[in-house]
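Structural overview
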Amino acid sequence: MNDKFLKIGVPILFIAAVIAIWEWLVWFYQLPNYRMASPSDLIPKFWQFRELFVVASWETLWRTVVGLALAVVFGTGLGMIMGFSRIAREGLYPLLVGFNAIPKATVVPIVALIFLGQHDFNTVLIAFMISFFPIAVSVSIGLSTLEPEYRDILRALGASKFTIFWKIALPKTLPEFFGALKVAVTLAFIGTNLMEIVSPHGRGLGALFDSGRISADYPLMFAVLFMLAALGILLFYVVVALERIFAGWAERAPN
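So, here is what we can say about the structure in this document. What you see is a predicted model; the values in this text were computed from it and never measured.

1. What to know about a nonpolar patch on the surface
Together, I21, W24, L25, W27, F28 and Y29 make up a nonpolar patch on the protein surface, roughly 700 Å² of accessible area in all. One can find Y29 in the loop between α1 (3–28) and α2 (39–48). Overall, Y29 belongs to the exposed group, its relative accessible area being 54%.

Encoded structure:
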C-alpha cells in the first residue's frame, strides 16, 4: 500500500466513516437534537456562528500552544534532571505522581479564583499543568535507561558530558519524547477548555460551549466539541510532522 495514502488517506477515510455512522445512528433511532445532534445539525451552527467560531478557535488554539510550549520546556528540563540524577528521580517522582493524581477539574476553579480576571494566564497555566507530566516522565525514562556501555566507550575516548548527551542520550530520548508530546497535546486542550468553561471571564471554544449549554442549544455544543476535536487532530499532526523531521529514523517500515 502506498505510504502517502496510508498516512493521509486512511485517517481521512476512518474519520469520514465515523461521521457517517454517527449520522446514520441518529437517523435510525430518530434521536432529537437535544439528545444527540447529528453531523448535519452542526453545519447550520458553524455557518450561523462562523465569526464566533473563528475567533474562539484562535483564542483556544494559541493558549493551548503556549501552555504546551511551556510544558515542553519545563517537562524536558525536569526530565533531564531526573534522568541524570537518581536522587532527584527518587525524590521527585512521588511528588509528580501525587500532583498528577489530583483531578485537574478540581484545580481549575481554585486557579480561576486565585487569578480572578487574568483569563489568559489562567488558561495557559492549566494547559501547562495538565500536560507537562508525560513529557517529564518520558524524558526521564529515556535518559535513565541509557546503556552504560555507550557512556563508558565515549568517556574512554575523551568525550565530554555534553557530547555524550548530544550524540547518545538526546537521540535515544527523542522517540519517547514525541510519543509523550502526542499525549500532552490532547491533555493541553482539555486543560484549556476546562478553564474557558469554568472561568467567569472565559473566552474561546469553552465559553462558546457554555453559552450553548445555558441556552440549551445542543447542536451548538456538539459543534464546539467537533471543532475541539478538529483542532486537536491538527495539532497532533503538527507533532507528527516534527517527529518525522527530528526522529524519523526511529520509525519502523509499515507492514
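2. Regarding unusual backbone geometry
In this structure, Q30 is a non-glycine residue whose phi angle is positive, near 55°. Locating Q30 in the fold gives a position in the loop between α1 and α2.

3. Things to note about the packing of aromatic side chains
Under the definition given, this model contains 12 aromatic pairs. Measuring from centroid to centroid gives 5.3 Å for F236 and Y237, while their planes differ by 90°, and the two rings are edge-to-face. Classification of F236 as partly exposed rests on a relative accessible area of 28%. By relative accessible area, which is 36% here, Y237 ends up partly exposed. Connected via pairs of aromatic rings, a cluster forms that spans F74, F99, F128 and F132. The ring of W47 is capped by R50, whose NZ or CZ atom sits 3.9 Å from the centre of that ring. Positioned above the aromatic ring of F99 is the side chain of K104, whose terminal nitrogen or guanidinium carbon lies 4.7 Å from the ring centre.

4. A closer look at the nonpolar core
Residues F53, L205 and V224 are the most contacted members of the largest nonpolar core, which totals 53 residues. For this core, the elements supplying multiple residues, two or more each, are α1, α3 (50–84), α5 (104–114), α6 (119–144), α8 (161–198), α9 (205–214) and α10 (218–247). If sequence neighbours within four positions are ignored, L205 has contacts with F53, A56, S57, T60, N193, E196, V224, M227, L228 and L231.

5. Here we look at the packing of α9 against α10
Remark: α9 packs on α10, axes separated minimally by 8 Å, with the N-to-C direction vectors making an angle of 160°. Comparing the axis directions of α9 and α10 gives the class roughly antiparallel. Relative to α10, α9 is oriented so that their crossing is left-handed. Along its contact with α9, which presents L205, L208, F209, G212 and R213, the element α10 presents L220, M221, V224, L225, M227, L228 and L231. Looking at the contact of α9 with α10 residue by residue, the class counts come to 10 nonpolar, 1 polar and 1 charged.

6. A short note on the side chain of H119
The class for H119 is buried, based on a relative accessible area of 2%. Here S199 takes part through its side chain, which lies 3.5 Å from a polar atom of the side chain of H119.

Conventions adopted
Residues numbered from 1 in each chain as written. Predicted model: local features only at pLDDT ≥ 70, side-chain atom pairs only at ≥ 80, totals over all residues. Heavy atoms only, no water. Patch = residues over 30% accessible without salt bridge, like charges linked within 9 Å, V, L, I, M, F, W, Y side chains within 5 Å. Areas by Shrake-Rupley, 256 points an atom, 1.4 Å probe, with all protein chains shown as cover. Salt bridge = Lys/Arg side-chain N within 4 Å of Asp/Glu carboxyl O. Helix = DSSP H or I, 4+ residues; strand = E, 2+ residues; numbered from the N terminus. Buried < 20%, exposed > 50% of the residue type's maximum accessible area, 1.4 Å probe, protein only. Phe/Tyr/Trp six-rings, centres within 6.5 Å; stacked < 30°, edge-to-face > 60°. Lys NZ or Arg CZ within 6 Å of the ring centre and 35° of its normal. Core = buried A, V, L, I, M, F, W, Y, C linked by side-chain atoms within 4.5 Å. Contact = heavy atoms within 4.5 Å. Axes fitted to C-alpha atoms, helices over the stretch in contact; angles between N-to-C directions. Parallel < 35°, antiparallel > 145°, perpendicular 65-115°, else oblique. Left-handed = near helix turned anticlockwise from the far one by under 90°. Nonpolar A, V, L, I, M, F, W, Y, C, P; charged D, E, K, R; others polar. Polar contact = N/O pair within 3.5 Å; in protein donor to acceptor, adjacent residues only side chain to side chain.

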